Amino acid sequence: YYPNTGLNCFQYCKAINRRMKYIEMNNFEKLKQLLSYIQSNVDFYKNKFQNKYSNINSEAELLRELKNIPIVEKKEIKSNLKLFLSNSIRFEDVKDFFYGDYDFKKEYEIKSNNLSCFLEFTSGTSGSPFFSLKTLQERLILGNYIWRQRRLHGIVNTSEMFNFIHNFGECWYPFPFERENTDEFRIAKELNFLKSSPYKLWHISQYKLESYSRYVIENNLRFENLMVIENNGSYISPSEKERYEEIFNCRVVDNYGCREVWNIAYDCKFGNMHVNDSTLYFELVDEFGNIIDEYNKTGYVVVTSLYQKYMPFVRYKTGDLAYYKEEKCKCGNKSRIIVLVPGRNKILGTELYGNIIFKNAIVRILVLHNLKNFESIVKICRNREQKEEIERAFIESANYCIGTNNNTFIFKYVEVDDSKNIFTSI
């Protein structure tokens, strides 16, 4: 089965071939079609603007009009979900997933007005998990472009990849055996399987990679076939990347993106992260929403996905920070180079290392302690008994992520609306 689709390779190729004409359109046509569609079919964008996008004939004019569209954040979409769905999707078909108790590690397939749709959940590190909807065709196109990015930057074929994350449907555990309950036995079993496997590419998260590192060092493991580790889902610093390359004796690349729009940028062989211009329009903005075009000036990442129209992400503020790097890359890719700035500045008081541990620990709490039935951790922490449970789980998980028990944590609770302001740690 082709990763992330539920289709076998024949079905995948057949579906992709039907869409090749649309895939090969230039970005002006893609953006024009997208904006024309959402202006007519997505309630949030109806009657907001005077100009009809279908009447615009130049790219410069289209981009000027795009900048008139308000920047949106996850919180606004979550609060007005129905307004951000195409009228082709029946809200009744998805609302139970949005308000119900579902396992965010899994993906769910639904039918709505004869459209095959998939619901994908974010991890919930900033509060309750948030789902995004894509049709099968949209997923196929985005998946195809991820492989184009990999091939562009010298990455191997799909049959040579072991996919640790974002597996389809119920099969979220990627290994061909039962999952061990004890971390020590599970890690040993997984790594010994990988050691004898033919896989050349691991598609993996930094949290998982870090949990493997100690065992690999202690047991002096070598993976003879492994060529590339592709980090997905969390930031890794240049020093961490260098450390992983030494531990696993292979190249480590960043596949930067989010569940909402998938790939945003990808590492080339010279270590530069190039924006994926094929699937999205990328912007950096300051705190007031003004466009940043200068080099070396940090701003918020704002993306417009060119292929997602049934739940569009147009001028969507991811929460990440980055800046443009001034360099003509030797790899030949002419798209803009970005450098991610570690840490979302709304996580109170954290710095580079603390912020990485914070995100990893929260994910581990959610998974191991089954803490998913809440609107936000901030609101839960008003209950003293739950505060103690959260603190105990956080310390246990953070110590596991750091690798030692010699750590001191101070928890500070704040009365704010933004659920990203939760803990500080030292």
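All values reported here derive from a predicted model rather than from experimental measurement.

## As for the pattern of salt bridges
Thought 1: Using the criterion set out here, one finds 18 salt bridges in the structure.
Thought 2: D43 serves as the salt-bridge partner of K46, at 3.4 Å between the closest nitrogen and oxygen.
Thought 3: The shortest N-O distance in the salt bridge between R186 and D183 comes to 3.0 Å. Within this pair, R186 and its partner D183 are both found in helix 7 (residues 183–195), separated by three residues, close to a single helical turn.
Thought 4: Take R186: its relative accessible area is 6%, and that puts it in the buried class.

## Concerning the packing of aromatic side chains
For any pair of aromatic rings, geometry is given as the distance between the ring centres together with the angle between the planes.
Thought 1: For the structure shown, the criterion picks out 23 aromatic pairs.
Thought 2: Note on F177 and F193: the rings are 5.9 Å apart at their centroids and 80 degrees apart in plane angle, and the pair reads as edge-to-face. Residue F177 is located in the loop between strand 5 (161–163) and helix 7, and its partner F193 is located in helix 7; the two are separated by 16 residues in the primary sequence.
Thought 3: Within the aromatic cluster, the residues linked to one another by ring pairs are F162, F164, Y173, F175, F177, F193, Y199, W202, Y212, F223 and F248.
Thought 4: K309 extends its terminal NZ or CZ atom over the ring of Y37, reaching a point 4.5 Å from the ring centre.
Thought 5: Its end group placed over the ring of Y324, R336 keeps NZ or CZ at 3.5 Å from the ring centre.

## A few points about helix 7
For an α-helix, 3.6 residues make a turn, and residues three or four places apart therefore share a direction.
Thought 1: The first and last C-alpha atoms of helix 7 sit 18 Å apart over 13 residues, in line with the 18 Å expected at 1.5 Å per residue.
Thought 2: Residues of helix 7 that are buried include every one of R186, I187, A188, E190, L191 and L194, and no others.

## A short note on the environment of F130
Thought 1: Counting through the fold element by element, F130 comes out in the loop between strand 3 (115–121) and strand 4 (131–135).
Thought 2: Judged by relative accessible area, which is 0%, F130 ranks as buried.
Thought 3: As a C-alpha pair, F130 and K78 span 52 residues in sequence and 7.4 Å in three-dimensional space.

## Things to note about the nonpolar core
Buried together is how nonpolar side chains tend to be arranged in soluble globular proteins.
Thought 1: With 64 residues, the main nonpolar core has L35, I77, V94, F131, L133, F282 and I338 as its most contacted residues.
Thought 2: Sorting elements by how many residues they give to this core places helix 2 (residues 27–41) first, with six residues.

## Some points on unusual backbone geometry
When glycine is set aside, most residues are seen to have a negative phi, and most peptide bonds are trans.
Thought 1: Not every positive phi belongs to a glycine, and N114 is a case in point at roughly 70 degrees.
Thought 2: By the element assignment, N114 lies in the loop between strand 2 (108–112) and strand 3.
Thought 3: Although it is not a glycine, N220 sits at a positive phi angle of roughly 50 degrees.
Thought 4: By the element assignment, N220 lies in the loop between helix 8 (206–219) and strand 7 (228–232).
Thought 5: Under the relative-accessibility criterion, N220 is labelled exposed at 55%.

## A short note on helix 2
Thought 1: Taking 1.5 Å of rise per residue, 15 residues should cover 21 Å, and helix 2 covers 21 Å from first to last C-alpha, within 8% of that figure.
Thought 2: Those residues of helix 2 lying buried are F28, K30, L31, K32, L34, L35, S36, Y37, I38 and Q39.
Thought 3: Measuring from the backbone nitrogen of F28 back to the side-chain oxygen at the start of helix 2 gives 3.1 Å, which picks out N26 as the cap.

## A look at the confidence of the model for the protein chain
Thought 1: For the protein chain, the average pLDDT comes to 79, and 73% of its residues sit at 70 or higher.
Thought 2: Per-element confidence in the protein chain ranges from a low mean pLDDT of 45 for helix 11 (residues 377–380) to a high of 96 for strand 11 (residues 280–285).
Thought 3: Contacts for the low-pLDDT stretch residues 344–354, under 50 throughout, to residues beyond four places or in other chains number 26 contacts.

## Focus: the pairing of strand 7
Thought 1: Counting buried residues in strand 7 gives five out of five residues, a clear majority hidden from the surface.
Thought 2: With burial as the criterion, each face of strand 7 is covered, one bearing V228, E230 and N232 and the other bearing I229 and N231.
Thought 3: Pairing of strand 6 (residues 201–204) with strand 7, which is carried by four bridges, proceeds in the parallel orientation. Residue pairing in the sheet places W202 in a bridge with I229 of strand 7.
Thought 4: Crossover strand 6 to strand 7 through helix 8 is right-handed.
Thought 5: Both strand 7 and strand 8 (residues 251–258) contribute to a ladder of five bridges, which runs parallel.

## Quick word on the sheet that holds strand 2
Thought 1: Taken in spatial order, the three strands make up an open sheet running 2-3-4, and their pairing is antiparallel. This sheet does not close on itself; its edge strands, each paired only once, are strand 2 and strand 4. Averaged over all neighbouring strand pairs, the angle between strand axes comes to 30 degrees, with direction disregarded.
Thought 2: With respect to the sheet, helix 6 (residues 136–152) is in contact with strand 3 and strand 4, its orientation differing from that of strand 4 by roughly 90 degrees.

## Here's the deal with the state of the cysteines
Thought 1: Following the criterion strictly, the structure yields zero disulfides and no others.
Thought 2: Not part of a disulfide, C268 finds its nearest cysteine sulfur in C329, a span of 3.5 Å.
Thought 3: On the basis of relative accessible area, C268 is assigned to the buried category, the value being 2%.

Cut-off values and rules
Residues numbered from 1 in each chain as written. Predicted model: local features only at pLDDT ≥ 70, side-chain atom pairs only at ≥ 80, totals over all residues. Heavy atoms only, no water. Salt bridge = Lys/Arg side-chain N within 4 Å of Asp/Glu carboxyl O. Helix = DSSP H or I, 4+ residues; strand = E, 2+ residues; numbered from the N terminus. Buried < 20%, exposed > 50% of the residue type's maximum accessible area, 1.4 Å probe, protein only. Phe/Tyr/Trp six-rings, centres within 6.5 Å; stacked < 30°, edge-to-face > 60°. Lys NZ or Arg CZ within 6 Å of the ring centre and 35° of its normal. Expected span 1.5 Å × (residues − 1). Core = buried A, V, L, I, M, F, W, Y, C linked by side-chain atoms within 4.5 Å. Polar contact = N/O pair within 3.5 Å; in protein donor to acceptor, adjacent residues only side chain to side chain. pLDDT = per-residue confidence, 0-100. Contact = heavy atoms within 4.5 Å. Pairing = 2+ DSSP bridges. Right-handed = clockwise from strand over helix to strand, strands pointing away. Axes fitted to C-alpha atoms, helices over the stretch in contact; angles between N-to-C directions. Disulfide = S-S within 2.5 Å.

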